[in-house]
Amino acid sequence: MATPHAVAGFLVALLPLIATPGASLALLLRQVAEHGRRRAGPVILGTTGGLAVHAALAVAGLAGLTARHPGALTAVRLVGGAYLIGLAAWTWRSPARPPARRPQRGSPVLVQALLANVLNPKAASIYLTLVPQFLDAARPLTAQVATLAAAHAALLAAWLLAWAALVGRSTPHPRLRTWTTRATAAVLLALGVHALT
């Protein structure tokens, strides 16, 4: 396990990254504005699931691979950027469809959040560059990365839950729903273009 000092330092380093609006927050705001606070759960589960994927890849040696082959990180960034642009286009068109009264079975929200995080270059870079700075070579690597990933997931989930509570207090008005959807699409598009450039 990572030491409490390492976990605390890691969380302090993460705060500005988590507070920077990204794809997960954009998806959460849209889902909560359209469907209420219950839809925050799938977004948070998908996002934290994406962190688990990044942690597993880091343990499996992705950090070493990208150090030897810089093109690997570029490939992740390009795929992630293309996915975010596609998600932005899908999100932009969605106001034409009336929102569902309750989540349907097999709802794609969790999968969207998972993919948005797994293909997010910012999330990948945390596990490729930031996490190694808080690892102790004398301790088991897997346990340390798992501890840091769990702390990351807890902090990110708390941040997203706070936003869900804030947005969930307002009654979803059709104009607010359309504005939130358009703003989400714009954020996703900007993130995708940024990742590709």
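The structure presented is a predicted model; accordingly, all values stated were derived computationally and were not measured.

### Thoughts on the packing of aromatic side chains
At step 1: Inspection of every chain in the model, using the stated rule, returns two aromatic pairs.
At step 2: Summarising the aromatic geometry, the rings of Phe 10 and Phe 134 are spaced 5.7 Å apart at their centres and angled 65 degrees between planes, so their arrangement reads as edge-to-face. Of this pair, Phe 10 sits in helix α1 (residues 4-19) while Phe 134 is found in the loop between α7 (121-130) and α8 (141-168), placing the two residues 124 residues apart along the sequence.
At step 3: Judged by relative accessible area, Phe 10 falls into the buried class, the value being 0%.
At step 4: Here the aromatic rings of Trp 159 and Trp 163 are separated by 6.2 Å at their centres, their planes lie at 75 degrees, and the arrangement is edge-to-face.

### Quick notes on the packing of helix α3 (residues 40-60) against α7
At step 1: One can describe the packing of α3 onto α7 by two numbers: an axis separation of 9 Å at closest approach and a directional angle of 35 degrees. In this structure, the crossing between α3 and α7 has a hand that is right-handed. Of the residues in α7, those in contact with Leu 51, His 54, Ala 55 and Ala 58 of α3 are Ala 123, Ala 124 and Tyr 127.
At step 2: Residues belonging to the contact of α3 with α7 are distributed by class as follows: six nonpolar, one polar and no charged.

About the criteria used
Residues numbered from 1 in each chain as written. Predicted model: local features only at pLDDT ≥ 70, side-chain atom pairs only at ≥ 80, totals over all residues. Heavy atoms only, no water. Phe/Tyr/Trp six-rings, centres within 6.5 Å; stacked < 30°, edge-to-face > 60°. Helix = DSSP H or I, 4+ residues; strand = E, 2+ residues; numbered from the N terminus. Buried < 20%, exposed > 50% of the residue type's maximum accessible area, 1.4 Å probe, protein only. Axes fitted to C-alpha atoms, helices over the stretch in contact; angles between N-to-C directions. Left-handed = near helix turned anticlockwise from the far one by under 90°. Contact = heavy atoms within 4.5 Å. Nonpolar A, V, L, I, M, F, W, Y, C, P; charged D, E, K, R; others polar.

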